[in-house]
Amino acid sequence: MNYRKKIRLGDALVNSGVITQEQLTKGLELQKGSGRKLGETLVDEGITTEENIVKALSTQLELDTVDLQNTNISEEVLDLIPANVLKKHKIFPFDYSAEGANILRVAMADPLDMTAMDDITIITNLQVEPVVATTRSIMLALDKYYGQAEVNSALEEYTREKESQFEEQNDIYSEDVNNSPIVQLVKNMIDQAVRQRASDIHIEPMERQVRIRYRIDGALYEKADYNIRLLPAIVARIKIIGGMDISEKRKPQDGRITQIVDRHEFDIRVSILPTVYGEKVVMRLTSKNALTKEKSQLGLKPADMKKFDHILQNPHGILLVTGPTGSGKSTTLYTALSELNKEDVNIITVEDPVEANIDGINQVQVNNKANLTFASALRSILRQDPDIIMIGEIRDQETASIAVQASITGHLVVSTLHTNSAASTITRLEDMGIEPYLIADSTVGVIAQRLVRRLCPNCKKPKKANADDLELLNQPADADITIYEPCGCPKCDGTGFRGRIGVYEIMEVTQPLKNIISKNGSAEDIKNKALEEGMNTLRMSATEYVLEGITSMEEMIKVSFDL
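Here goes a summary of the coordinates provided. (Residues numbered from 1 in each chain as written. Predicted model: local features only at pLDDT ≥ 70, side-chain atom pairs only at ≥ 80, totals over all residues. Heavy atoms only, no water.)

Topic: the overall build of the protein
1) Next: What the protein contains, in helices and strands, is 23 helices and 18 strands.
2) Next: Here the C-alpha radius of gyration of the protein, 27 Å, is about what a compact globule of 563 residues would show, namely 24 Å.
3) Next: Expressed as lengths along the three principal axes of its C-alpha atoms, the size of the protein is roughly 85 × 60 × 55 Å.
4) Next: Out of the 563 residues belonging to the protein, those deemed buried represent 50%.
5) Next: Within the protein, residue pairs in contact and separated by at least 24 positions form 62% of the contacts whose partners lie at least 6 positions apart.
6) Next: When the accessible surface of the protein is totalled, it reaches about 27,200 Å², and 48% of it is carbon and sulfur. (Helix = DSSP H or I, 4+ residues; strand = E, 2+ residues; numbered from the N terminus. Rg over C-alpha atoms; globule rule 2.2 N^0.38 Å. Buried < 20%, exposed > 50% of the residue type's maximum accessible area, 1.4 Å probe, protein only. Contact = heavy atoms within 4.5 Å. Areas by Shrake-Rupley, 256 points an atom, 1.4 Å probe, with all protein chains shown as cover.)

Structure (C-alpha cells):
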C-alpha cells in the first residue's frame, strides 16, 4: 500500500496529461485557505472534470474504476458500515473482492485518502481495496441506498417526539435546528433533487398523504410520499428559511432560499399555494452558474449559430426570444448577454425576478409594491446611458412601446415573449398596439425555441421508421431510416432520457421581411418569406435531431405539435 502514499493527486493528473503544470499551480493557489480538496477545486474552477480525474487516477495508480449506477449491491455489503461514516468520507463499499471474502472493494473519489481506509478497516475488520469513482456517482448511490432509510428513521423519531402542537412549533424554530428531523428532511429533499438534476420540487398535499415529485428534464416523477400529518411542519420549515409569513396559511406566498449542495450554491424560488388539502409548495432550483452557458452548449446548429452571431452584431434594434414557460429562453438571453458583456458597453437588465447574477451587468429587479414596474424601470434605465437593455419579458403595450422607442434611438434591446413561432411574434406585437412600420423598423431578429429531451446514449434502442413515422419526418415513403426510442437503464434512472437540448427557429429580419411586416402582412406571409430565405422551423430542427438519433419521435411531436 505504501506506493500510494508517495504519489500525490496533482502529480498523477499532470503525469496523465489531464492538466498542465501551470493549471496545477493555479489550482493549488486557488485551493489555499478554501478548505476544499485539490480535486474539488480543479472541478469547481472548470479546469478539468470529475471523469478525467477518475481516468487519471485509475491509470496512474493502476486501480479499477466503477460506475455505481450500473452496479448491483448486496444487502450484506450495505449493512457493513453506518451511512454517516460513508457520507463523511464520501466513499461507498460495493462488493467483496474475488480474491477472498476478507477484502472489501470500496468506491472512492480520492483513493489516496488513508484516513477513510483506516476507518473502514477498523469498523469492518476487512482489508480495503480502493476502486475509483466520481463524487457524483458516490453521492447518488448514498442517496439511493441510504437516503430514504435516513428520512424514515428521522420521521419515526419526529412522530414519537410530537406529543403536542406546542413542541412542534418549538422544533421548527429551535436553535439546534440541524438535528431536527423536519429540518433534515427538507435539506435532504433539496440535496437529492439537485443530484438527480431536477429543476423543480413539488410538495403536494393529498387526502391521506403528501406526495413529493421532482421535475427532471421537463417531466415529473414521483419520488416519495409521507404521512399528511407532516405537511404543516414541512411547510412551516420552508416558510422560515424562505423568509415568508409562517402564520399566513390562506394566501399564496413567494420566497427565496439559498442552499449549498455539494459545494455549489443554489438559488431556490419558492411558491406556496393554499389547496383543498393544505398548502402546496413548488421550489424552482437554479444553480448560480447554470444560466450562463457557453454559446456552443446551447445546441445551435452551425448555420443557426452563424445567424445568431450576425443578429447579435447589430448595434441597435430588438432581438426577441420566444417560447412557452420552461423552454430555455432565459438561458439563451443570459448567454447572449455574457457574449456581449465587454468593458466598452453598458448593459442594464430589468427582470422579474433577477434569475442569475452576472459580473459587469447592472441588474434591476421589478418591485410592484415600490411602483417599479417594467415600464417605469425602463424609463429610468434610458437615462442611465445604456448600450444594451435586457427586458425580462414584454407583458403589455406600455413596455412594448418603450422597448421599440429605445431600439430606434440607438440601443440594442433583448427580451422575451410568450408566442408559438417566430412569425407569430411579429403579429403579437401588432396585437399589443405597436404600429407595423415601427415593428419593421426596430426588429432585427426573432428566435423561437423549445427544449427536447435527449435519448440516453447508454440504452436507446433502434427501430426502423414505419410509413407514419416517415410521413411525420417528411421523408420519402420508401426511405430506409432508423430512428431511436427510449428504453431505460440505471444511468438514466429508468426514464430513457438524459439531459435536454435546444430546438431553434431563428428568423433574421431582412429588408424583404421588413417590407412585408410594414405592409401589415400576416404571420403566414412572414413565415413563407423567412422559409424562402432559409429559415428552419422548429419542426424541421426537431426532425433533424430525430434523424440523428438524439431524440425520439414523441419528443419531436411534443415540441412542434401545432406547427
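A closer look at the nonpolar core
Looking at soluble globular proteins, one finds that nonpolar side chains tend to be buried together.
1) Next: One finds Val350, Ile391 and Met507 to be the most contacted residues of the largest nonpolar core, which totals 54 residues.
2) Next: In contact with methionine 507, not counting residues within four places along its chain, are Ile311, Ala422, Ala423, Ile426, Gly445, Val446, Leu513, Ile526, Ala530 and Met535.
3) Next: Within the second largest apolar cluster, 35 residues are counted, among which are Val194, Val210, Ile212 and Ile272. (Core = buried A, V, L, I, M, F, W, Y, C linked by side-chain atoms within 4.5 Å.)

A short note on the pairing of strand β14 (residues 412–417)
1) Next: Along β14, six of the six residues are buried, which leaves the element largely enclosed by surrounding structure.
2) Next: Burial along β14 is two-sided: Leu412, Val414 and Thr416 and Val413, Ser415 and Leu417, pointing in opposite directions, are all buried.
3) Next: Bridge count for strand β10 (residues 317–322) against β14 is six bridges, and the pairing is parallel. Paired with glycine 317 across the two strands is leucine 412, which belongs to β14.
4) Next: As judged from the four bridges shared by strand β13 (residues 388–391) and β14, these two strands associate in the parallel manner. (Pairing = 2+ DSSP bridges.)

Regarding the environment of aspartate 469
1) Next: Inspection of the secondary structure puts aspartate 469 in helix α19 (residues 467–472).
2) Next: In this structure the C-alpha to C-alpha distance between aspartate 469 and arginine 213, which are 256 residues apart in sequence, comes to 33 Å.
3) Next: Ignoring sequence-local partners within four residues, the contact set of aspartate 469 consists of Lys463, Ile483 and Met553.

Let's talk about the packing of aromatic side chains
1) Next: Across all of its chains, the model carries two aromatic pairs by this definition.
2) Next: Ring geometry for phenylalanine 92 and tyrosine 145: centres 5.7 Å apart, planes at 40°, overall tilted. Of the two residues, phenylalanine 92 is situated in strand β1 (residues 91–96) and tyrosine 145 in helix α9 (residues 135–161); the sequence distance between them amounts to 53 residues.
3) Next: Residue tyrosine 145 is classed as partly exposed on the basis of its relative accessible area, which comes to 23%.
4) Next: Taken together, the ring pairs in this structure connect Phe92, Tyr145 and Tyr146 into an aromatic cluster.
5) Next: The lysine or arginine in question, arginine 453, covers the ring of phenylalanine 497, its NZ or CZ lying 4.0 Å from the ring centre.
6) Next: One cation-aromatic arrangement involves lysine 460 over tyrosine 484; the distance from NZ or CZ to the ring centre is 4.7 Å. (Phe/Tyr/Trp six-rings, centres within 6.5 Å; stacked < 30°, edge-to-face > 60°. Lys NZ or Arg CZ within 6 Å of the ring centre and 35° of its normal.)

Examining unusual backbone geometry
1) Next: Of note, the amide linkage connecting aspartate 352 to proline 353 takes the cis form, showing an omega dihedral of -5°.
2) Next: Mapped onto the fold, proline 353 is located in the loop between β11 (347–351) and β12 (362–365).
3) Next: Of note in this structure, arginine 263 is not a glycine but carries a positive phi near 70°.
4) Next: With respect to the secondary-structure elements, arginine 263 resides in the loop between β7 (253–261) and β8 (264–275).

So, helix α11 (residues 181–195)
1) Next: Helix length check: α11, at 15 residues, gives a terminal C-alpha distance of 21 Å against a target of 21 Å (1.5 Å per residue), a fit within 8%.
2) Next: Here α11 lies mainly inside the structure; 13 of its 15 residues are buried. (Expected span 1.5 Å × (residues − 1).)

Here's the deal with the sheet that holds β10
1) Next: A sheet is described by the order of its strands in space; here seven strands give the open sequence β12-β11-β13-β14-β10-β15-β18, paired in mixed fashion. Two strands lie at the open edges of the sheet, namely β12 and β18 (497–508), each paired on one side alone. The mean inter-strand angle of the sheet, taken between neighbouring strand axes irrespective of direction, is 20°.
2) Next: The strands that helix α13 (residues 302–312) touches are β10, β14, β15 (443–455) and β18; relative to β18, the one it contacts most, it runs at about 55°. (Axes fitted to C-alpha atoms, helices over the stretch in contact; angles between N-to-C directions.)

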